[in-house]
Amino acid sequence: MKAIYKIIILVSVALLAFACTDGFEDYNTNPNRTTEVAPESLFMNAPLNTMMVFGSDNNFWIFGNYSGQISMTGGQYPTYGSDGRGDDMWNKLYLNCINPLVKIEQLKGDDPTFKNRVAIARIWKSYIFSEMVAMWGPIQYFEACKGNEHAPYDSEDAIYSDLLNQLKTSADALVTGGDNYDSKNEPVFKSDVERWRKFAHCLRLRIACRLLDYETDSIRTKAEAILNEELNNPATLISNNKENFYMNFNGNSNAYKNPYFVYIEANPTAEGTFPVIHEQLMMYLVGYNDPRLEKFCKTADFIKAKWSYLGRPSTTRTPEWDKQITDNPHNNVNQDYYSYLQDEFRLGDAKWTIISYPEIACIRAEAAYRKVWTGATEADSTYYYRSIDAFADRYAGTSIPATELETYKHHWGIKWYNENDAPYDFRLDTTAIKSNELNADGTRTIVRKSKYTSLYTDYLGVSNCVLSDLPADNPLTVNGIKYNINTDANYKRIVLQHWLALFFQGIDSWTLLRRTQQLRFTPLWFPAGDKYTVYNNEWAYLPQRLPYPGAEMERNASESKKAINMIGDKSNSIQAKLKFAKPAIAFPAFPNTASPLQ
């Protein structure tokens, strides 16, 4: 333990050496001030700090709400405010995560005795940048942390193109039996070169899939070629859940302990502020009687006897067009009313997942269905069902019973849709999901008769779990919305499984939703507003990006303005669409109103 503390102190000193004062601009200055520090020691904290940025409070406060999987309360966090505009996330990523990796490249990039260690540093740096460009769009990339305090921003095109190249180059540079970091200095894969090589290829595949609908033709074409290259070489990819890429929080370290656990540890009686399952996620888990539901969350003890699982929407207020609603089940309740996450997500040393086998299986299914993978040899439905199988035994080390899994696969909306299939009956069973009734004494009686429903609808009746798979000549209308077959009926199924596979990976699930726009969620009512989040209506769709930090725009004004001009609508808005994403799909109209959602 003494040795570990010495390393931590050494790395802390090293970080302070090139973080010369207290400002964001420091990561771009004094690039040679760590030459006296052992480069090997620089690597250790970069992944740990990355985990604490991507897997920390941001994972549920901001990205949990954005992804429709985790619901939190308080302040602007759940109301689509410009939370990411603060300096904290941006600064930590550059200063604590990327800066040490750049220093390793600068100090040892040409040293043949450090070849593997430099390649590993580059792979991890590529991972961080792949998430940052998906969050902000244009960022400082090529010149980041190299001594230029006014480092220019690079375009999304340039960054994605280089990331795809760098990951291949770095993977190829790894030599089995070559140099390694000491295992205690390498908290990701303990210097397992084969694991690092597979991680690079899986990350490259993920990025290529994210670019399948990219705006620039040349980037999209390159992504398709790389997707085929990776999928046609399955030996370079993970093939089961035992190979999943993850890190563990350190339950013995205050600096790297699971933030969820910290809440519990600090105040175990304050569960009213803990993360709970989002209503949008619960809509698909309960609506389709998903046997994996209990892997995600616990029963809602407050109403356990009447309604086993319940999710919370990001906001619970009633919109202006529905002021007369009398059965809002979210009135005057706190987080204890809803389903909490399962214990394994709450442990001090819980896993923080980076890439999993179910995600790879879903990418394979999408590529086959969309006919961009020329090497696919099986039916589209085979890849789809295999993605469900891949997810069946991921959590808690136990498998879903085969009979339950088969029942789920044949459930309406989950079963692969064929044009000649008989239409399903989605008629609302009002007796099964009757809303809470207010008693004379002011209490509420839960009268929901069944654990599951044939149609799970949000509390306002705006969105539900239907994935639009009815033939056009046999339409169904529920709450004024028609559900018909369309060309994306089965694509929606694949996206749903992909989204579920990314549970508790807030940034990645948010990115999937933006990229595909296939899962239609209820708009958020009464969103937070400022100059970066100007909403013209009382509702808002999914945020499209994080705004640049205000302090960064002041310190690096000229370059940040150039970056904003690279963005589609030339604004720093949270609603500005990035080049990999699709525009939000509007609802045709709200219930109880003739006004369309534009």
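Residues numbered from 1 in each chain as written. Predicted model: local features only at pLDDT ≥ 70, side-chain atom pairs only at ≥ 80, totals over all residues. Heavy atoms only, no water.

Notes on empty space enclosed by the protein
A water-sized probe, rolled over the atoms, reveals where empty space remains.
Argument step 1. Counting across every chain of the model gives four cavities of 30 Å³ or more.
Argument step 2. Together, 27 residues line the largest cavity, and Tyr80, Gln280, Phe521, Thr522 and Pro523 are the ones closest to its centre.
Argument step 3. Breaking the lining of the largest cavity down by element, the ones donating at least two residues are helix 5 (63-67), helix 12 (279-287) and strand 9 (524-525).
Argument step 4. Computed from the structure, the second largest cavity encloses a volume of approximately 90 Å³.
Argument step 5. Residue lining of the second largest cavity: Arg206, Cys209, Arg210, Glu359, Ile363, His498, Leu502, Asp508, Thr511, Leu512 and Arg515, and that is the complete set.
Argument step 6. Counting residues per element, the ones that place at least two in the lining of the second largest cavity are helix 9 (193-210), helix 14 (357-369) and helix 18 (506-516).
Argument step 7. With four residues, the top contributor of residues to the lining of the second largest cavity is helix 18.
Argument step 8. When grouped by side-chain class, the residues that make up the lining of the second largest cavity number four nonpolar, two polar and five charged. (1 Å grid on protein atoms, 1.4 Å probe; cavity = no way out; pocket = protein on both sides within 12 Å on 5 of 7 lines; lining within 4 Å. Points joined across faces, edges and corners; volume = space filled by probe spheres on them. Helix = DSSP H or I, 4+ residues; strand = E, 2+ residues; numbered from the N terminus. Nonpolar A, V, L, I, M, F, W, Y, C, P; charged D, E, K, R; others polar.)

Considerations on the confidence of the model for the protein
Argument step 1. When the pLDDT values of the protein are averaged, the result is 82; 78% of them are 70 or greater.
Argument step 2. The low-confidence segment residues 1-25, where pLDDT is below 50, has 41 contacts with residues more than four positions distant or belonging to other chains.
Argument step 3. Taken together, the stretch residues 443-453 has pLDDT below 50 and engages in 40 contacts with residues farther than four places along the chain or on a different chain. (pLDDT = per-residue confidence, 0-100. Contact = heavy atoms within 4.5 Å.)

Remarks on the packing of aromatic side chains
Argument step 1. According to the stated counting rule, one finds 47 aromatic pairs in the structure shown.
Argument step 2. Here a set of aromatic residues connected by ring pairs shows up, and it is made of Phe43, Phe54, Phe114, Trp124, Tyr127, Tyr181, Phe189, Trp196, Phe199, Phe245 and Trp352.
Argument step 3. In this arrangement the basic side chain of Arg117 is found over the ring face of Phe114, its NZ or CZ atom lying 3.7 Å from the centre.
Argument step 4. In this structure, Arg514 is placed above the aromatic ring of Trp510, and the distance from its NZ or CZ to the ring centre is 3.6 Å. (Phe/Tyr/Trp six-rings, centres within 6.5 Å; stacked < 30°, edge-to-face > 60°. Lys NZ or Arg CZ within 6 Å of the ring centre and 35° of its normal.)

Here's the deal with the nonpolar core
Argument step 1. Core analysis: the biggest nonpolar cluster contains 164 residues, and Trp124, Met135 and Phe199 have the highest contact counts within it.
Argument step 2. A total of 14 residues in this core trace back to one element, the largest contributor, which is helix 7 (residues 115-136).
Argument step 3. The residues contacting Trp124, other than those within four sequence positions of it, are Phe43, Ala46, Pro47, Thr50, Leu101, Val188, Trp196, Phe199, Met247, Trp352 and Ile354.
Argument step 4. By size, the runner-up hydrophobic cluster in this structure holds eight residues, among which are Leu460, Trp525, Phe526 and Phe587. (Core = buried A, V, L, I, M, F, W, Y, C linked by side-chain atoms within 4.5 Å. Buried < 20%, exposed > 50% of the residue type's maximum accessible area, 1.4 Å probe, protein only.)

Concerning the pairing of strand 2 (residues 245-248)
Argument step 1. Side chains of strand 2 alternate between two faces, with Phe245 and Met247 buried and Tyr246 and Asn248 left unburied.
Argument step 2. As defined by bridge partners, strand 2 adjoins strand 4 (residues 351-355) across four bridges and the pair is classed as antiparallel. Looking across to strand 4, one finds that Phe245 is bridged to Ile355. (Pairing = 2+ DSSP bridges.)

Observations regarding the packing of helix 3 (residues 45-54) against helix 6 (residues 87-108)
Argument step 1. One way to put it is that helix 3 packs onto helix 6 with a least axis distance of 8 Å and a crossing angle of 160°. Between helix 3 and helix 6, the angle is such that the two are roughly antiparallel. Two packed elements cross with a definite hand, and for helix 3 against helix 6 that hand is left-handed. The residues of helix 6 that touch helix 3, namely those facing Asn45, Ala46, Asn49, Thr50, Val53 and Phe54, are Met89, Lys92, Leu93, Asn96, Cys97 and Leu101.
Argument step 2. Among the residues making up the contact of helix 3 with helix 6, the classes are represented as seven nonpolar, four polar and one charged. (Axes fitted to C-alpha atoms, helices over the stretch in contact; angles between N-to-C directions. Parallel < 35°, antiparallel > 145°, perpendicular 65-115°, else oblique. Left-handed = near helix turned anticlockwise from the far one by under 90°.)

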